[in-house]
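Analysis of the macromolecular model
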Amino acid sequence: MADIEERLKNWILEQGYPLEMFVAKAFREAGFRTTQSEYYEDPENGDNREIDVIACLQEDIGEFLVRVQICIECKSAKKHPWVAFTSRGTRLAAPAMIVQRPASTLGKAFLRKIAHDPECHKLEICRSKKRNAYSLTEAFTNGKDNAYASCLSVAKCAKSITTKENIYSKVSGPICSITIPLVLIDGKLFECHQDEIDLGVSALESSQLIWRNQSSNSGHSIINVITKLGLADFISNILEFSKYIFSQEQVFQELEKEYLANYPNRRKRHL
């Protein structure tokens, strides 16, 4: 029995499960509700797809269930490092960095209301980096591009979540949600950019992909890409972002008045 247990343990360690478990545990210990191996409906063909981890914080504020969630794809990159191709020209205006996020209909309305708030612009999650990524790839391989597949997965998952929550809002009460797509790798992440003389290549713990692929249905797809070493900082940044969102009582009061004016017969969601 001990032999098979050891063999199973070694097999599991060679798969992706320990990374997913590690990520879910880190979010859970930070106060997030987490689910693993969650399924979502592919917005393009209706197939069921699996996402590794979804982490969520939520509060009831007035008429709304307000939710900040992260859909996470975890990948091992120990054999093949990932490369983020970056440019100073890959930037969005500060309000666009806020508005162009996957969100429910009410979430989008909320984001538009805070899009010009200087305090929101200071939040790390909402800030554009000096050089954002416009493309991401897995190095030293001619096979399946796991980087592209991972980004597509989290973008589609985010769109699926917001579509479902808009349906739930009509049935169970208003949901104001914002979703952050995240790809986390256990391995090395590098940045490649054109400097004044030559190509610059350097190691990173995190990057921000401003993707023209609109699978998330939010204009650009803004996808955070981090290494396992960058997870603690990312969670801290999400907590800061969520604290800001949940503190916007005046904005939610304005949104609630507009909501009740448009849907006077709606009642607060059933818990």
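Going by the structure above, here's the rest.
Residues numbered from 1 in each chain as written. Predicted model: local features only at pLDDT ≥ 70, side-chain atom pairs only at ≥ 80, totals over all residues. Heavy atoms only, no water.

Details of the packing of aromatic side chains
Operational definition: Aromatic pairing here means that ring centres of Phe, Tyr or Trp (its six-membered ring) are within 6.5 Å. Orientation follows from the plane angle: under 30 degrees is stacked, over 60 is edge-to-face, and everything else is tilted. Categorising residues by exposure relies on relative accessible area from a 1.4 Å probe, with only protein chains included: less than 20% of the type maximum marks a residue as buried, more than 50% marks it as exposed, and the intermediate range marks it as partly exposed. Starting at the N terminus, helices and strands are each numbered in turn, a helix being any DSSP run of H or I of at least four residues and a strand any DSSP run of E of at least two. Only when the NZ atom of a Lys or the CZ atom of an Arg is both within 6 Å of the ring centre and within 35 degrees of the ring normal do we say a charge sits over the ring.
Inspection of the entire model under this criterion finds five aromatic pairs. On the basis of an interplanar angle of 90° and a centroid distance of 5.1 Å, the ring pair of Phe-27 and Phe-32 is categorised as edge-to-face. Looking at Phe-32, the relative accessible area reads 3%, which means it is buried. Between Phe-110 and Phe-252, the ring centres sit 4.6 Å apart and the planes meet at 10°, which makes this aromatic pair stacked. Of this pair, Phe-110 sits in helix H4 (residues 105-114) while Phe-252 sits in helix H8 (residues 249-262), placing them 142 residues apart in sequence. The burial state of Phe-110 is the same as that of Phe-252; both residues are buried. Ring pairing ties together the aromatic residues Phe-64, Phe-110, Phe-252 and Tyr-259, which thus form one cluster. For the cation-ring pair, Lys-228 lies above Phe-22, with the distance from its terminal atom to the ring centre recorded as 4.5 Å.

Description of the pairing of strand S2 (residues 48-61)
Counted only if it meets this: Strand pairing is assigned whenever DSSP detects at least two bridges linking the two strands.
Bridging between strand S1 (residues 33-41) and S2 involves eight bridges; their strand directions are antiparallel. Paired with Tyr-39 across the bridge in S2 is Glu-50. Joining the antiparallel neighbours S1 and S2 is a turn of six residues, in which Gly-46 adopts a positive phi near 80°. With nine bridges joining them, S2 and strand S3 (residues 64-87) adopt antiparallel strand pairing. Bridging from a neighbouring strand, Ala-55 pairs with Ile-70 of S3. Between the antiparallel neighbours S2 and S3 lie two residues, among them Gly-62 with a positive phi of about 60°.

Brief notes about the layout of surface pockets
Spelled out, the test is: Definitions used for this entry: grid spacing 1 Å over protein atoms alone; cavity, a set of points where a 1.4 Å probe fits but cannot get out; pocket, an open set with protein on both sides within 12 Å along at least 5 of 7 lines; lining residue, one with an atom within 4 Å of a point. Grid points are joined across faces, edges and corners, and a volume is the space filled by probe spheres set on the points. Amino acid classes used here: Ala, Val, Leu, Ile, Met, Phe, Trp, Tyr, Cys and Pro are nonpolar; Asp, Glu, Lys and Arg are charged; the rest, including Gly, are polar.
The calculated volume of the second largest pocket comes to roughly 340 Å³. When residues of the lining of the second largest pocket are traced back to their parent elements, those giving at least two are S1, S2, S3 and helix H6 (146-172). For the lining of the second largest pocket, the element with the highest residue contribution is H6, accounting for six residues. Partitioning the lining of the second largest pocket into residue classes produces eight nonpolar, three polar and five charged.

Notes on a nonpolar patch on the surface
For clarity, the cut-off: Like charges are joined within 9 Å and nonpolar side chains (Val, Leu, Ile, Met, Phe, Trp, Tyr) within 5 Å, but only among residues with over 30% relative accessible area and no salt bridge; these make up the patches. All accessible-area figures derive from a Shrake-Rupley calculation using a 1.4 Å probe, and residue coverage is judged against the displayed protein chains alone. Salt bridges are counted wherever a side-chain nitrogen of Lys or Arg sits within 4 Å of a carboxyl oxygen of Asp or Glu.
Together, Ile-4, Leu-8, Trp-11, Tyr-17 and Met-21 make up a nonpolar patch on the protein surface, roughly 520 Å² of accessible area in all. Tallying contributions element by element places helix H1 (residues 2-14) first for the nonpolar patch, with three residues. Here Met-21 lies in helix H2 (residues 17-29).

Side note on the environment of Ile-54
Condition: Only heavy atoms matter for contacts: two residues are in contact if any of them lie within 4.5 Å across the pair.
One can find Ile-54 in strand S2. Setting aside residues up to four positions removed in sequence, Ile-54 forms contacts with Arg-33, Thr-34, Thr-35, Glu-38, Gln-69, Ile-70, Cys-71, Cys-157 and Ile-161.

A word on the packing of H2 against helix H7 (residues 231-246)
We count it as follows: To define axes, lines are fitted to C-alpha atoms, for helices over the stretch in contact only, and angles between the resulting N-to-C directions are given on a 0 to 180 degree scale. Angle categories: roughly parallel below 35 degrees, roughly antiparallel above 145, roughly perpendicular from 65 to 115, and oblique for all the rest. If you view the pair so one helix is near and one far, a crossing is left-handed when the near helix is turned anticlockwise from the far one by less than a right angle, and right-handed when it is turned clockwise.
Their axes nearest at 11 Å, the elements H2 and H7 cross at an angle of 40°. Relative to H7, the element H2 is oriented oblique. Where H2 crosses over H7, the two elements pack in a sense that is right-handed. Of the residues in H7, those in contact with Phe-22, Val-23, Ala-26 and Phe-27 of H2 are Leu-231, Phe-234 and Ile-235. By residue class, the composition of the contact of H2 with H7 is seven nonpolar, no polar and no charged.

Side note on the pattern of salt bridges
Any two side chains of opposite charge can pair, so long as their charged atoms come close to each other. Tallying each qualifying case throughout the model produces 13 salt bridges. A salt bridge links Arg-49 to Asp-42, with the shortest nitrogen-to-oxygen separation between them at 3.1 Å. Asp-42 sits in the buried class, given a relative accessible area of 2%. Measuring nitrogen to oxygen at the nearest pair gives 3.2 Å for the salt bridge that ties Lys-122 to Glu-119. One salt-bridge network, in which partners are shared between bridges, spans Asp-42, Glu-44, Asp-47, Arg-49 and Lys-156.

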